[in-house]
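Close look at the chain arrangement
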Amino acid sequence: MKQSKKQRVTLQEVALHAGVSTSTASLVVRNNPRISEATRKKVLNSINELGYVYDRVAANMRSRSSDIVGVIVTDISNSFISEFLIGVQSTLEAVGYTVLLGTTFDSVSKQDHLLSTMIEHRVDGLILNPVSKSSEKTVSQLNKIEIPKVLANRELANVNSDYVGIDYTTGALTAVNHLIEKGHKRIAFLGGIKQSSTWTERIRGFHIAHDIAGLKVDESLIIDIEPNRKGGLEAILKVLENDHPPTAVFCFNDLVAFGVIKGLAMNGIIPGQDIDIVGFDNIPEAELYHPPLTTVSSFPRSIGIKAANLLYNRMNNESSELQRLILKPELIIRETSKK
């Protein structure tokens, strides 16, 4: 005898079994935070007993909503990005959204592919940390995307989007002023990709600090390179070959600073004694490093929280005009450049 196909348990059956309305059962399976814990447990018990499986694809098609937010970042191994993601995910999950994460590794082609993939998965909104060398194609692609979107950490010109980031110019100005006040006149700026807005804003602050102090910038002490440990190591070894090497270094970020410190150690040079170092971001490792790193705090977790809240408001039609939220940086002085 041919075995009859088992009928799929419906949400209506779950609601009846739990003694709640179908709409309440639907809110529970979509993990809506408005449902009380007692009701949630009752519905989940019924789901387990009946063997109900939530058909998310069908639900998305009915509601035209997925309760999923796409988040695209450059490199999750970077502690700054990790802290940023903690802020994004904790905020969105608290209001019932699931985060779908994509990593570009700072590749334009990967970014373009991920943007298309997110749209195919019908995400309700998008948070993008753009790659350094985002193209005109990327700008065009973003402007064609009809879902709510927020750019974070890096800006892109001519993109119709909200933005959250730090005041990189002020951060760099504050860091370099600190070094100038210590008497330094030959200050290197190492790391970062010239095509990115974050490098452009930092170099602006670097120049402003020199102009205010009446100091001339030595262009041979400015090296743009991948903003990681390897880049920092390569950059410091290069400037140490200069006939007049720097007495202080401002680094694009803390990862570059760690590479710089390694290069100095290879040459028997002690940070904070023989040469002063300032990083940027204040990732957790900066305080634990040896010696502890002077750096500019850029509050990545706060940026993530603000980006998530801004996107949530946009998805729920609580925002009208595009917003540009800029956080104020803070200089944290440690052993690599004590006063």
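The paragraphs below set out a description of the structure included in this document. (Residues numbered from 1 in each chain as written. Predicted model: local features only at pLDDT ≥ 70, side-chain atom pairs only at ≥ 80, totals over all residues. Heavy atoms only, no water.)

Thoughts on the packing of helix α5 (residues 79-94) against helix α13 (residues 300-315)
The geometry of α5 relative to α13 is characterised by a closest axis approach of 7 Å and an angle of 35 degrees between their N-to-C directions. Here the hand of the crossing between α5 and α13 comes out right-handed. On α13, the residues touching Phe-80, Glu-83, Phe-84, Ile-86, Gly-87, Val-88, Thr-91 and Leu-92 of α5 are Pro-300, Arg-301, Ile-303, Gly-304, Ile-305, Ala-308 and Asn-309. When grouped by side-chain class, the residues that make up the contact of α5 with α13 number nine nonpolar, four polar and two charged. (Axes fitted to C-alpha atoms, helices over the stretch in contact; angles between N-to-C directions. Helix = DSSP H or I, 4+ residues; strand = E, 2+ residues; numbered from the N terminus. Left-handed = near helix turned anticlockwise from the far one by under 90°. Contact = heavy atoms within 4.5 Å. Nonpolar A, V, L, I, M, F, W, Y, C, P; charged D, E, K, R; others polar.)

So, the pattern of salt bridges
Once the charged atoms of two side chains with opposite charge are near each other, the side chains can pair. For the structure on display, the rule yields nine salt bridges. Taking the shortest distance from any N to any O, the salt bridge between Arg-154 and Asp-106 comes out at 3.2 Å. Taken together, the residues span a long stretch of sequence, with Arg-154 in the loop between β4 (149-152) and β5 (162-166) and Asp-106 in the loop between β2 (98-103) and α6 (108-120) at a distance of 48 residues. Taking relative accessible area as the criterion, Arg-154 reaches 11% and is therefore assigned buried. Under the relative-accessibility criterion, Asp-106 is labelled partly exposed at 25%. (Salt bridge = Lys/Arg side-chain N within 4 Å of Asp/Glu carboxyl O. Buried < 20%, exposed > 50% of the residue type's maximum accessible area, 1.4 Å probe, protein only.)

Let's talk about the side chain of Arg-202
By secondary structure assignment, the location of Arg-202 is in helix α9 (residues 197-213). Ignoring any residue separated from it by four or fewer positions in sequence, one finds Arg-202 in contact with Tyr-168, Ala-172, Phe-189, Phe-252, Phe-280 and Asp-281.

Some thoughts on the sheet that holds strand β6 (residues 187-190)
A sheet is described by the order of its strands in space; here six strands give the open sequence β7-β6-β8-β9-β10-β12, paired in mixed fashion. Each end of this open sheet is capped by a strand with a single partner; those strands are β7 (222-223) and β12 (330-332). Two strands pair when backbone bridges link them, and strand β8 (residues 248-251) and strand β9 (residues 276-281) are joined in this way by three bridges, in the parallel orientation. Note on β9: the bridge partner recorded for Val-249 is Ile-277. (Pairing = 2+ DSSP bridges.)

Topic: the packing of helix α8 (residues 168-181) against α9
Where α8 meets α9, the closest approach of the two axes is 7 Å, and the angle between their N-to-C directions is 40 degrees. What the angle tells us is that α8 and α9 run oblique. In this structure, α8 meets α9 at a crossing whose hand is right-handed. Of the residues in α9, those touching α8 at Tyr-168, Thr-169, Ala-172, Leu-173, Val-176, Asn-177 and Ile-180 are Thr-198, Glu-201, Arg-202, Arg-204, Gly-205, Phe-206, Ile-208, Ala-209, His-210, Ile-212 and Ala-213. Here the contact of α8 with α9 is built from residues that sort into ten nonpolar, five polar and three charged. (Parallel < 35°, antiparallel > 145°, perpendicular 65-115°, else oblique.)

A short note on the layout of surface pockets
Here the idea is plain: a probe the size of a water molecule rolls over the atoms and shows the empty space left. Roughly 450 Å³ of internal volume is contained in the largest pocket. Around the largest pocket sit 22 residues that line it, and Thr-74, Asn-78, Arg-154, Pro-227 and Asn-253 are the ones nearest its centre. Only α5 and α9 provide two or more residues apiece to the lining of the largest pocket. Residue composition of the lining of the largest pocket, by class: seven nonpolar, eight polar and seven charged. (1 Å grid on protein atoms, 1.4 Å probe; cavity = no way out; pocket = protein on both sides within 12 Å on 5 of 7 lines; lining within 4 Å. Points joined across faces, edges and corners; volume = space filled by probe spheres on them.)

Let's talk about α9
Given 3.6 residues per helical turn, the α-helix brings residues three or four places apart onto the same face. Across its 17 residues, α9 extends 25 Å between first and last C-alpha, which sits within 8% of the 24 Å expected from 1.5 Å per residue. All of the buried residues in α9 are Ser-197, Thr-198, Trp-199, Glu-201, Arg-202, Ile-203, Gly-205, Phe-206, Ala-209 and His-210. Gly-214 sits one or two positions beyond α9 and adopts a positive phi of about 70 degrees. (Expected span 1.5 Å × (residues − 1).)

Observations concerning α8
For α8, spanning 14 residues, the distance from its first C-alpha to its last is 20 Å, which sits close to the expected 20 Å at 1.5 Å a residue. With ten of 14 residues buried, α8 is to be regarded as a mostly interior element. Within α8, the full set of buried residues consists of Tyr-168, Thr-169, Gly-171, Ala-172, Leu-173, Ala-175, Val-176, His-178, Leu-179 and Ile-180. Two residues or fewer past α8, Gly-183 is found with a positive phi of approximately 100 degrees.

A look at the nonpolar core
Counting 83 residues, the largest nonpolar core has Ile-127, Leu-190, Phe-206, Phe-250 and Ile-277 as its most contacted members. With near-sequence residues (within four places) excluded, Phe-206 lies in contact with Ala-172, Val-176, Ile-187, Ala-188, Phe-189, Val-217, Ile-222 and Phe-250. Among the nonpolar cores identified, the runner-up in size contains 14 residues, and Leu-27, Val-43, Ile-47 and Tyr-52 belong to it. (Core = buried A, V, L, I, M, F, W, Y, C linked by side-chain atoms within 4.5 Å.)

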